[in-house]
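What follows is each chain in one-letter form.
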Amino acid sequence: MVTRVLTVSLLAGLLAGLLISALQHVTTTPLILKAETYEAALRAQPAPMQAAFNGEARIHLAHGPAAHGDKGVGDEHEWKPQDGFQRTAFTSLVTIGTAIGFAALLLAGMIAVNERIDERRALAWAVCGFLAFGLAPAMGLAPELPGAAAAELQHRQLWWLMTAAVTAGALFVFLRVEASWARALAVLALLLPHLIGAPHPAAPESRVPAEIAAHFAALSLAIQAALWLATGFAVGVLWPWAARRSAATAAA
Amino acid sequence: MNTATVTSQASVSERAKAVAAALILGFVLVYTVGFAASANVHNAAHDARHGLAFPCH
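Residues numbered from 1 in each chain as written. Chains lettered and ligands numbered in written order. Predicted model: local features only at pLDDT ≥ 70, side-chain atom pairs only at ≥ 80, totals over all residues.

Undergrad: Looking at this model, I keep getting lost on the overall build of chain B. Mind explaining?
TA: Looking only at helices and strands, chain B features 3 helices and 0 strands. Its helices and strands taken in sequence order, chain B reads α-α-α from the N to the C terminus. Counting every position in chain B, which comprises 57 residues, the buried fraction comes to 46%. (Helix = DSSP H or I, 4+ residues; strand = E, 2+ residues; numbered from the N terminus. Buried ≥ 20, exposed ≤ 12 C-beta atoms within 10 Å, placed from the backbone.)

Pasting the structure below:
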């Protein structure tokens, strides 16, 4: 069964990941590249002022590059994929990795509660996966383009993980436990991360036009939904196939 | 009862092992692609992290 879990995760993730990579290539990635031109313009523009005015320099720090060693000062020394084919290839590879990871988590949940794995059920679990890992965290931390102001990375990652875990658990309890007190608790748990609130920066500072950012946020959520659905569907199709195959080899 | 029905009725310990394997694979992959702090991993994953709305930068 372990072999089947790994096989189905890998294959389902590969198929869904490839499909979504192609979608990303024509939807979200062009917007990221566009946003980077605004980010680069912002970086280039106030450079002489930086030395003269402390305030400018501080804005730059809050912007992220120096603090995270990501872009900016130490940029040239760090490896990063070259624009063009290499960059696209890495983005696709990482998307496939994400899809394999989601497929494995989906299977873990379904096998843990002894759910029958078929197309419809796997799709239903994938919808809940998107709600827990995509939509709920995005309500606090909206999908962001490069250049947007953001609170400290670790705090956001922690809130993201906490929200995804709590939402997944709450959805499961609400859908699978009959007791009304448990359901009430589940609704409360769904709200809890948003009552606590996601970490946000003091002031917005992105120079990327709001139209582009809004378009990106919507596209990103749609792409995530598509990634979950494609992964769930592939798991639902491949699992019975793998089960039949292992049954056939066992019988032979 | 033939072999097919026996193999489809997985034992609890077999299921536990499968769940553990799936959880490890899932968490390791999602952590690496979405959360790992290494600069190289971040740069390679940059566009996908933004595109899939993982916290980035």
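From this point, the discussion proceeds with the structure in view.
Undergrad: Teacher, can you tell me more about the nonpolar core here?
TA: The tendency in soluble globular proteins is for nonpolar side chains to be buried side by side. Grouped together as the largest cluster of nonpolar side chains are 60 residues, with contacts concentrated most on Ala-103, Ala-104, Leu-106, Leu-107 and Val-235 of chain A together with Ala-22 of chain B. Of all the secondary-structure elements, those providing two or more residues to this core are helix H1 (2-26), helix H6 (85-112), helix H7 (119-140), helix H8 (153-176), helix H9 (180-196) and helix H10 (210-251) of chain A together with helix H2 (12-34) and helix H3 (39-51) of chain B. The greatest single-element share of this core, amounting to 13 residues, is contributed by H6 of chain A. Aside from chain neighbours lying at most four places away, what touches Val-235 of chain A is Val-8, Ala-12, Ala-103, Leu-106, Leu-107, Ile-117 and Ala-122 of chain A. One finds Ile-32, Leu-145, Ala-148 and Ala-213 of chain A within the second-largest nonpolar core, a separate group that totals 9 residues. (Core = buried A, V, L, I, M, F, W, Y, C linked by C-beta atoms within 7 Å. Contact = placed C-beta atoms within 7 Å.)

Undergrad: So what exactly am I meant to see when it comes to the interface of chain B and chain A here?
TA: The parts lose accessible area when they come together, and the size of an interface is often stated as this lost area. Taken together, the contacts link 36 residues of chain B with 52 residues of chain A. Elements that contribute at least two residues to the side of chain B that touches chain A include exactly helix H1 (3-8), H2 and H3 of chain B. For the side of chain B that touches chain A, the residue count by class is 20 nonpolar, 12 polar and 4 charged. (Nonpolar A, V, L, I, M, F, W, Y, C, P; charged D, E, K, R; others polar.)

Undergrad: I keep staring at the packing of H1 of chain A against H6 of chain A and nothing clicks. Help me out?
TA: Any two packed helices are characterised by the angle at which their axes cross and by the distance between the axes. Residue and element names in this part refer to chain A. Between H1 and H6, whose axes approach to 7 Å, the crossing angle comes to 140 degrees. Taken together, the axes of H1 and H6 are oblique relative to one another. In this structure, the crossing between H1 and H6 has a hand that is right-handed. Grouping the constituent residues of the contact of H1 with H6 by class yields 14 nonpolar, 10 polar and no charged. (Axes fitted to C-alpha atoms, helices over the stretch in contact; angles between N-to-C directions. Parallel < 35°, antiparallel > 145°, perpendicular 65-115°, else oblique. Left-handed = near helix turned anticlockwise from the far one by under 90°.)

Undergrad: What exactly am I supposed to notice about H8 of chain A here?
TA: Residues separated by three or four positions in an α-helix point in the same direction, a consequence of the helix having 3.6 residues per turn. Its 24 residues give H8 of chain A an end-to-end C-alpha distance of 34 Å, which sits within 8% of 34 Å, the value for a rise of 1.5 Å per residue. Each element contacted by the buried residues of H8 of chain A is listed here: H7 and H9 of chain A. (Expected span 1.5 Å × (residues − 1).)

Undergrad: Whenever I open this one, the packing of H6 of chain A against H2 of chain B confuses me. Can you help?
TA: Between H6 of chain A and H2 of chain B, whose axes approach to 7 Å, the crossing angle comes to 150 degrees. Classed by the angle they form, the pair H6 of chain A and H2 of chain B counts as roughly antiparallel. As for the relative orientation of H6 of chain A and H2 of chain B, their crossing is left-handed in sense. Taking contact as the criterion, the partners of Val-94, Gly-97, Thr-98, Ile-100, Gly-101, Ala-104, Leu-105, Leu-107, Ala-108, Ile-111 and Ala-112 of chain A in H6 of chain A are, on H2 of chain B, Arg-15, Ala-18, Val-19, Ala-22, Leu-23, Leu-25, Gly-26, Leu-29, Val-30, Thr-32, Val-33 and Gly-34 of chain B. Grouping the amino acids of the contact of H6 of chain A with H2 of chain B by side-chain chemistry returns 16 nonpolar, 6 polar and 1 charged.

Undergrad: Explanation requested: H1 of chain A in the structure shown.
TA: A rise of 1.5 Å per residue sets the reference length of H1 of chain A, with its 25 residues, at 36 Å; its end C-alpha atoms lie 36 Å apart and thus fit the reference within 8%. Three or more residues of H1 of chain A are buried, namely Arg-4, Val-5, Val-8, Ser-9, Ala-12, Gly-13, Leu-15, Ala-16, Gly-17, Ile-20, Ser-21 and Gln-24 of chain A.

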